[in-house]
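Working through the structure, step by step
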Amino acid sequence: MGSQNGDTPVSSLPELLEQGKYLEVLLSEPGKALIRSYVHQQQSPSPPPQDQNHNSNSKIVGLAAFNAFLQGNVTGPVLDDTLLSRVEKAFGMTENQRKDLARRCLAELQVDGVGVYAYVPLLELFGLARWVLLGLGDDEKERLRVNVWHYKLLTEPSLGSGSSFNKGLQWCEVPSLRAEIERALEGGQEKDGEALVERAMVWIMLGQEKKARGVLEEARRERGFVYTLTGALGKRTKFQERSTSQLVVLARSKGAFESGGGEVRPEGLKLNDDTLLEELKFDKEGGETDIGERDDEKEDVPVELRDIKPDEQPQLAPLDQIILLAEATLKDAFSPADTLTSEEVLPFAVRVISDQGKTNWQIYTHALLVRSRIEVHRSRTMERGVLQMQAVVDQVVVDTTQPDRAQTQEEKGGEEENGVPEIKVSVHGDEAAPVDNKPKSFFPAAKPSETAPPEVRLRYIHTLSSPPRWHLESELAYSWAGVGSLVSAMEIFKRLRLWAEVALCYASNAAREDEGGRGKDGEARAKAILRWRLFNKTGTAPENSEQDADEEDVDLDKIREADYHGPQRTPPPSNAPRLWCLLGDLENEKKYYERAWEISGQRYARAQKSLGEYYLQQKDLLSARDAYKQAVHVNRLSNELWNRLGDISLRMGEFADAAEAFSRAISSSDSNGGEDARTWSNLGSAFYSLYVERVKELRQQNENGVSAESAAVPGDDEDEETVEKKEAKDPKTLLTQSLHAYKKGASISHDNWRIWDNVITLASRLRPIAIQEILLGLQHVVRIRKSEDAVDVDVLRLLLNEAVLSVEKPAGTGIYDPPRGSTERAVVQFLETSIVPLTTARSEFWELITRERVWKRDFAGAIDAAEKAWRAAMGGAGGGLLPGSSSTGPDGKSRNWLEDKDAWALVVERTDELVSVLENYGDEVPEIGGKWKGKARLAVRSVMGKGKEAWEDTEEWDRLKGLLEGLK
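Since we're looking at a predicted model, the values are computed, not measured.

Calculation rules
- Residues numbered from 1 in each chain as written.
- Predicted model: local features only at pLDDT ≥ 70, side-chain atom pairs only at ≥ 80, totals over all residues.
- Heavy atoms only, no water.
- Helix = DSSP H or I, 4+ residues; strand = E, 2+ residues; numbered from the N terminus.
- Buried < 20%, exposed > 50% of the residue type's maximum accessible area, 1.4 Å probe, protein only.
- Areas by Shrake-Rupley, 256 points an atom, 1.4 Å probe, with all protein chains shown as cover.
- Axes fitted to C-alpha atoms, helices over the stretch in contact; angles between N-to-C directions.
- Parallel < 35°, antiparallel > 145°, perpendicular 65-115°, else oblique.
- Left-handed = near helix turned anticlockwise from the far one by under 90°.
- Nonpolar A, V, L, I, M, F, W, Y, C, P; charged D, E, K, R; others polar.
- Pairing = 2+ DSSP bridges.
- Contact = heavy atoms within 4.5 Å.
- Patch = residues over 30% accessible without salt bridge, like charges linked within 9 Å, V, L, I, M, F, W, Y side chains within 5 Å.
- Salt bridge = Lys/Arg side-chain N within 4 Å of Asp/Glu carboxyl O.
- Lys, Arg positive; Asp, Glu negative; His and termini not counted.
- Charge placed at Lys NZ, Arg CZ, Asp CG, Glu CD.
- Core = buried A, V, L, I, M, F, W, Y, C linked by side-chain atoms within 4.5 Å.
- Phe/Tyr/Trp six-rings, centres within 6.5 Å; stacked < 30°, edge-to-face > 60°.
- Lys NZ or Arg CZ within 6 Å of the ring centre and 35° of its normal.
- UniProt positions renumbered as here; feature names shortened; annotations may be inferred.
- Arc of directions from axis to C-beta.
- Expected span 1.5 Å × (residues − 1).
- Polar contact = N/O pair within 3.5 Å; in protein donor to acceptor, adjacent residues only side chain to side chain.
- pLDDT = per-residue confidence, 0-100.

Quick look at the overall build of the chain now. Helix and strand counts for the chain stand at 42 helices and three strands. Every one of the 968 residues in the chain was classed for burial, and the buried ones make up 52%. Within the structure as shown, the chain displays about 44600 Å² of accessible surface, and the carbon and sulfur contribution to it stands at 47%.

Between helix 30 (residues 677-703) and helix 33 (residues 731-748), the least distance of the axes is 8 Å, while the angle of their chain directions is 165°. What the angle tells us is that helix 30 and helix 33 run roughly antiparallel. Between helix 30 and helix 33 lies a crossing of left-handed hand. For the contact of helix 30 with helix 33, a count of residues per class yields 15 nonpolar, seven polar and two charged.

Looking now at the sheet that holds strand 3 (residues 276-282). The strand order across the open sheet formed by three strands is 2-1-3, and the pairing between neighbours is antiparallel. Each of the sheet's edge strands pairs with one partner strand only, and the pair in question is strand 2 (244-252) and strand 3. Averaged over all pairs of adjacent strands, the angle between strand axes in this sheet comes to 50°, irrespective of strand direction. Here strand 1 (residues 226-237) runs beside strand 3; their pairing, made up of three bridges, is antiparallel. Within the sheet, the bridge partner assigned to Thr-237 lies in strand 3 and is Leu-276.

This part covers the packing of helix 29 (residues 655-667) against helix 30. Orientation of helix 29 relative to helix 30, taken along the N-to-C sense of each, is 155°, at an axis distance of 9 Å. The pairing of helix 29 with helix 30 is recorded here as roughly antiparallel in orientation. The chirality of how helix 29 crosses helix 30 is left-handed. For the pair formed by helix 29 and helix 30, the contact residues are Phe-655, Ala-656, Ala-658, Ala-659, Phe-662, Ser-663, Ala-665 and Ile-666 on the first element and Thr-679, Trp-680, Asn-682, Leu-683, Ala-686, Phe-687, Ser-689, Leu-690 and Glu-693 on the second.

Let's shift gears to a negative patch on the surface. A surface patch of negative charge is lined by Glu-952, Asp-953, Glu-955 and Asp-958. Note on placement: Glu-952 falls in the loop between helix 41 (932-951) and helix 42 (955-966). Residue class for Glu-952 comes out partly exposed when judged on its relative accessible area of 38%.

This model, assessed by the stated rule, comprises 55 salt bridges. With a closest N to O distance of 3.6 Å, Lys-191 and Glu-218 form a salt bridge. Here Glu-218 lies in helix 11 (residues 209-223) and Lys-191 lies in the loop between helix 9 (175-186) and helix 10 (193-205), a separation of 27 residues in the sequence. Take Lys-191: its relative accessible area is 44%, and that puts it in the partly exposed class. Salt bridges here are not isolated pairs; linked through shared partners, they connect Glu-832, Glu-852, Arg-853, Lys-856, Asp-864 and Lys-868.

Judged by nonpolar contacts, the single largest core of 168 residues is most densely connected at Ile-181 and Leu-324. Apart from residues lying up to four places away in sequence, Leu-324 is in contact with Phe-225, Tyr-227, Val-249, Ala-251, Leu-316, Phe-348, Arg-351 and Val-352. Ala-763, Ile-769, Val-827 and Phe-830 belong to the second largest nonpolar core, which has 59 residues in total.

A few words on the packing of aromatic side chains. Inspection of every chain in the model, using the stated rule, returns 17 aromatic pairs. Ring centres of Trp-904 and Trp-951 lie 5.6 Å apart, and the angle between their planes is 10°; on these two criteria the pair is classed as stacked. Pair noted here: Trp-904 is in helix 40 (residues 901-921) and Trp-951 is in helix 41, with a separation of 47 residues, a long-range link. For the pair shown, Trp-904 and Trp-951 are each scored as buried. Lys-152 extends its terminal NZ or CZ atom over the ring of Trp-149, reaching a point 4.2 Å from the ring centre.

Assignment of secondary structure puts Glu-142 in helix 8 (residues 140-154). Accessibility expressed as a relative area gives 7% for Glu-142, which makes it buried. Setting aside residues up to four positions removed in sequence, Glu-142 forms contacts with Lys-59, Leu-63 and Leu-133.

Moving on: the UniProt feature "repeat: TPR" (unreviewed entry) in the chain. In the UniProt entry, the feature "repeat: TPR" (unreviewed entry) is given for residues 605-638 and 639-672. Annotated as residues 605-638, this span is 79% helix and 0% strand, and its ends, taken at the C-alpha atoms, are 9 Å apart.

Inspection of helix 21 (residues 486-496) places Ala-489, Met-490, Ile-492, Phe-493 and Leu-496 among the buried residues, and these make up the whole buried set. Angularly, the buried residues of helix 21 cover 160° about the axis, an arc narrow enough to put them on a single face. Residues of helix 21 that are buried sit in contact with helix 20 (469-482) and helix 22 (499-508).

Turning our attention to helix 34 (residues 753-765). Helix length check: helix 34 (13 residues) gives 19 Å between terminal C-alpha atoms against 18 Å at 1.5 Å per residue, within 8%. Taken together, the buried positions of helix 34 are occupied by Ile-755, Trp-756, Val-759, Ile-760, Leu-762, Ala-763 and Ser-764. Buried positions along helix 34 lie against helix 30, helix 33, helix 35 (771-785) and helix 36 (793-805). The backbone nitrogen of Arg-754 has a side-chain oxygen 3.1 Å away, supplied by the residue at the start of helix 34, namely Asn-752.

The pairing of strand 1 with strand 2 spans nine bridges and is classified as antiparallel. Note that in strand 2 the partner of Gly-234 across the bridge is Thr-244. Here strand 1 folds back onto strand 2, and the loop between the two strands holds six residues.

Once that is clear, we can look at the environment of Asn-73. Within the fold, Asn-73 resides in helix 4 (residues 55-75). The exposure class of Asn-73 is buried, given its relative accessible area of 0%. Sequence separation of Asn-73 and Pro-121 is 48 residues, and the distance between their C-alpha atoms is 7.0 Å. Other than its neighbours up to four places away in sequence, Asn-73 contacts Val-120, Pro-121, Leu-122, Thr-400, Pro-468, Arg-469 and Trp-470.

Attention now moves to the confidence of the model for the chain. For the chain, the mean per-residue pLDDT works out to 82, and 81% of the residues sit at or above 70. Within the chain, helix 27 (residues 621-634) carries the highest mean pLDDT (96), whereas helix 31 (residues 708-712) carries the lowest (53). In the predicted structure, residues 1-6 sits below a pLDDT of 50 and forms twelve contacts with residues beyond four places in sequence or in another chain. Scored below 50 in pLDDT, residues 511-519 makes seven contacts in the model with residues more than four places away or belonging to other chains.

Counting through the fold element by element, Arg-371 comes out in helix 15 (residues 361-375). Despite its burial, Arg-371 remains without a salt bridge, the nearest opposite charge being carried by Glu-375 at 4.2 Å. If near-sequence neighbours (up to four positions away) are discounted, Arg-371 is found in contact with Leu-269, Leu-346, Ala-349, Ile-353, Arg-384 and Gln-388.

A cis amide bond, omega -5°, links Thr-570 with the succeeding residue Pro-571. Tracing the backbone shows Pro-571 in the loop between helix 23 (520-534) and helix 24 (576-587). A cis amide bond links Arg-767 to the next residue, Pro-768, at an omega of -5°. Considering the arrangement of structural elements, one finds Pro-768 in the loop between helix 34 and helix 35. The backbone of Lys-786 shows a phi angle near 50°, a positive value even though the residue is not glycine. Along the chain, Lys-786 falls in the loop between helix 35 and helix 36.

So, in structure tokens, the structure goes:
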């Protein structure tokens, strides 16, 4: 590791940094000087040195501190303990000064009321790196990387049921830092492949799918990387006799490249399943393509990949391997966790793992992690998925855990190096350090020759966006919980001292043998843990706040809620706002949310969100709205908060505010992520409500003698702002905006017939009516509901009149076929292919079909439809002349025309229409010809014969008699 007794020469700093000797860089004279300056500025804040002659050395020292921090928390291997001890001594602090520095560092890294994970090892090294690299200000790439890792330290690893860490970030709690990261991403000038892939991975971390895909595709094009997901014949199971199509990723890198790795890589776990093969076995008979024999299948594969065999693929460049892993992460994080998604995602990870050549240690580790995330959702691979994640986590924990010096000294007989007491850096609350600091691994411990050096592991650390070890362990905990092992999950959270997660586990998993009633024991344990973290023991003085607050081996079963009603802890824990909110949720106490808001410096949006929900439970809409307004004021990036504010405003009748909130929710979410059909639908409702209000207002003005036109149309002498306000309040504009919002919502939620019904309603109210939107909505409603009762006959009649019957057709004979692509053709086709097969009992539909067929000169079809309309109306007499006919209509009223006057009038109407169609077009149909009078008389007499007793003295009866007279 270089010289250990003398100072490192300044001239060798770049070489040491490149060789991964980061601690030696920190022990150089520039390194020690910067450490002293950092310690001093923590006591009296000052900027980092700006002397241009020393900027290059400062940057190297900052990068060394940054990389040492990442090596000790993300990649490993374990830092040299002798050198680390010397670095700690370079800080030149007493034990009390060290604790004070740790507190200051934690406070400095707090953002928007959210604190970093309090037990991060080597946190002072990150503080030093951040102070130096952000202070230089001329390296946007390193500035972005520091902010990204700051974001990771702040983000709580609450994964929920998602398959990856990214899926758990439902909304951002540190909007100011996130906004800074997004500005850096959008303003990045570097266009090389590595920088683009790194930006894509950060966009994935932020939950921005569309932007991540765009940047990833740009990186692929820049590198000339070609890959495709396709099918190839092969076998998946040991007992499979015939080959079937299996999904496989074919990929090839462009040009020559360096492997970026060494001869060693982590060990992957075997599947060992009694049915599934360890790897897919592809057929060999397919020649060079093996992709199928059909030409159309070959055409789906890029030309560069058609000579590749699925099981004999070329080695990929490291960045191209990362692109495949990013593609897998995108699909996994932003798609439903179902079998289809797993089948599409898994081949991307398998393609990287199956590379036979040299693969970078960290890339291979990340590929194993991605594969395990997918496999935990499949029954046959669930065991391997969880165990593989366990193995990866164990490897990372072993490689990033420093040895216990006290234990080492005891083994050496209590000797102390150079007689200087050991000083540990960065573990806040040292009394909470683990007693057993020798972690166990799933596989046997690797020899030094079987692991990769730090510079190899860190080569692609930012491009991969690898998670810190406590995020990995948290993900493992949720994986164990997902397979039913909540005890394993709980033990991990306890070891990590993620007390909020421990409390949530207790609260969500009610004790099964709870004598006091289901759920009460688990909830009481959760309250006890939260109170233990936030309050002193009952009767304890405030100055004893830190006693037993961080005890590692505390027995949680002995902690009782009643024992912790003393004064609040001072200072509060770093994640106190979140703990206060959780306690407020469990005890339903408003004051705890207010306390969370207060100690966060009025920056923790979740506190106001919880307050808003509390007020909603109390039916206090005004207070709930005010709470959510404060929440969105500090976190304007959360579409969830904007959505909820819109809901409340909508319920309060504040439609303009609701429209604004829903618009903000949409703009703050990714196009394929946070926004959903519900948001667009609610935006449509807000605009429609504004439309109704505006129409009433204009009517009132009209009644008061003010012209509606003059109120709506801007004048020539009005300023631009007044013109915009008038245009925004124009009823037609509001209705159009409402229709657009409903259409967008319907396009996202294809199977929600209610949204499509709203599209139809609004489109029919526009003038001129929006024919295409009405037709599209009707098509989807029929597709979803598959019932004639789902269609509004008035809308269907409006569509027919406006789109078909009002169109002049060319003169001629024979059935008229509307031009292709025309609106009338689309409507005619919809009526014939969707409405006709659906109609059984609604005679009004057949009446519309009759008119449509008369328009296109299909007289035989028109007579047939008129007869079916007549029979559908007659079917309400009880016997049913048509199959599927009902004695009640869509409105629930009786359709028995022998009893109901309206039904009787409808039968007479349909009879008259049938007679008219026969009279006008019967001679045009060869099969009927002169027989039309006989058919007409038969229909009239049939109705009169059945209805004589009930309706002989009515007006409709006289109408039938007149029809019969005319047919003599």
